[in-house]
Amino acid sequence: EMLESINLAKKDEKVSLIYDKVTDKSSPLRSSLLMDGVGTLPQALSQIVLSFAQPADLQSFFIKQCKSCALSEDNEIIDGGCQAAAVILSAMERSGERVFPLAKRWELGGRDLFQSFLRLNADEFVVNPSICRLRDCVATMLKGVLVNTMQVEGDGMSIQISVGPSSSGRRSRSYSIGASDSFSVLEPYPASMLQAILEALGSNSSPLMLSDSVVQQAVGRQSWINGVFPKLDSKSKHAVASALLTLRTQHENEIAGAALLSLPMTAADLVHLLDNLDVSEDSQAAVVFITDCVREKSDLGKISDI
């Protein structure tokens, strides 16, 4: 009981600090929240976390409370809290790596949420837009991209455009445009993220269409294709490629096929896919697809060791 009281007191201290920050009439943060609402959340989270004596504690608090909005104590999805969790998770991502590190967001929140998605039963759950938004927020973590403030370094580019004030009287907004190839990824890529990807690609019957979300938000993105996939070990590369091939040839999933075509694979990788095919009607379709893949990559000069 004493430990529980101490934990509640610490929780109340964090809640009080957050409340004071957003209600202080002299703080520009309060006026920003009143005028821009959700759009100010990344800035608000940054200011609150970085002003705390122990930012790591507040980071963990925010992530865990966000997860609790969408998950019960038994780690089951709470339908009514998915929208709030999605909004906060998205704001955390845009706050940047310094404020909410991707590895921490995944380990303390995204990982459990993703496992709950995998356990959903189509006969017991009605899919709605809020849970789909949360699903995509979590799947985006699997891309492994670290969000940092763009800076002019070397060939980097950063342009800020201010627009406004608007006719509605709201404050002007600013937008940043940066070089598309200026990104960094988690290194080494977490084993739990890779496992989540493989589980999702193998869950073709998921009511949430997890395989589609993971391909669209992570595996099919150029940042994952060029930043993560080449650094995986051979076994992991083959597992991802094989899962995508199965989705394309056995379940007629076009986006999985497009992702597989985009992966930087060698001739040895493609031969490995062929060697591991079973003799069946499905394998004939797989052979045809792999042949087309070799032909296309050869024509584009993307494969040299044929």
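Figured I'd write up the structure that's included with this text. Computed from a predicted structure; not experimentally measured.

1. Description of unusual backbone geometry
For residues other than glycine, phi is negative in most cases, and the peptide bonds are mostly trans. Residue Glu187 is joined to Pro188 through a cis peptide bond whose omega torsion reads -5 degrees. Note that Pro188 resides in the loop between β4 (184–185) and α8 (191–201). Positive phi values are uncommon outside glycine, yet Glu252 reaches one of about 55 degrees. Its place among the elements puts Glu252 in the loop between α11 (234–250) and α12 (254–262).

2. Some points on the side chain of Asp269
Assignment of secondary structure puts Asp269 in helix α13 (residues 267–275). Buried charge without a salt bridge: Asp269, with Lys237 as the nearest opposite-charge side chain at an N-O distance of 5.4 Å. Separated by 3.1 Å, the side chains of Asp269 and His238 make a polar contact.

3. Concerning the nonpolar core
Grouped burial of nonpolar side chains is what soluble globular proteins tend to show. Counting 75 residues, the largest nonpolar core has Leu134, Leu142, Trp224 and Leu244 as its most contacted members. Looking at this core, the element that brings in the most residues is helix α5 (residues 82–95), giving seven residues. When near neighbours in sequence (up to four residues on either side) are disregarded, Leu134 contacts Ala70, Cys82, Ala85, Ala86, Leu89, Leu113 and Phe117.

4. Regarding the side chain of Asn128
Mapped onto the secondary structure, Asn128 falls in the loop between α6 (102–119) and α7 (129–141). A residue is classified by how much of its surface remains accessible, and Asn128, at 17% relative accessible area, is buried. One polar contact links the side chain of Asn128 to the main-chain amide nitrogen of Ile131, over a distance of 3.0 Å.

5. Remarks on the packing of aromatic side chains
Here the structure, examined in full by the defined rule, presents five aromatic pairs. Look at Tyr189 and Trp224: their rings are 6.4 Å apart centre to centre, the planes differ by 80 degrees, and that puts the pair in the edge-to-face class. Taken together, the positions of Tyr189 in the loop between β4 and α8 and Trp224 in helix α10 (residues 222–227) put the pair 35 residues apart, joining distant regions of the chain. Of the two residues, Tyr189 and Trp224, both sit in the buried class. Through successive ring pairs, a cluster of aromatic residues spans Phe61, Phe62 and Phe100. Directly above the ring of Phe229 sits Lys237, whose terminal nitrogen or CZ lies 5.8 Å from the centroid.

How each quantity is defined
Residues numbered from 1 in each chain as written. Predicted model: local features only at pLDDT ≥ 70, side-chain atom pairs only at ≥ 80, totals over all residues. Heavy atoms only, no water. Helix = DSSP H or I, 4+ residues; strand = E, 2+ residues; numbered from the N terminus. Buried < 20%, exposed > 50% of the residue type's maximum accessible area, 1.4 Å probe, protein only. Lys, Arg positive; Asp, Glu negative; His and termini not counted. Salt bridge = Lys/Arg side-chain N within 4 Å of Asp/Glu carboxyl O. Polar contact = N/O pair within 3.5 Å; in protein donor to acceptor, adjacent residues only side chain to side chain. Core = buried A, V, L, I, M, F, W, Y, C linked by side-chain atoms within 4.5 Å. Contact = heavy atoms within 4.5 Å. Phe/Tyr/Trp six-rings, centres within 6.5 Å; stacked < 30°, edge-to-face > 60°. Lys NZ or Arg CZ within 6 Å of the ring centre and 35° of its normal.

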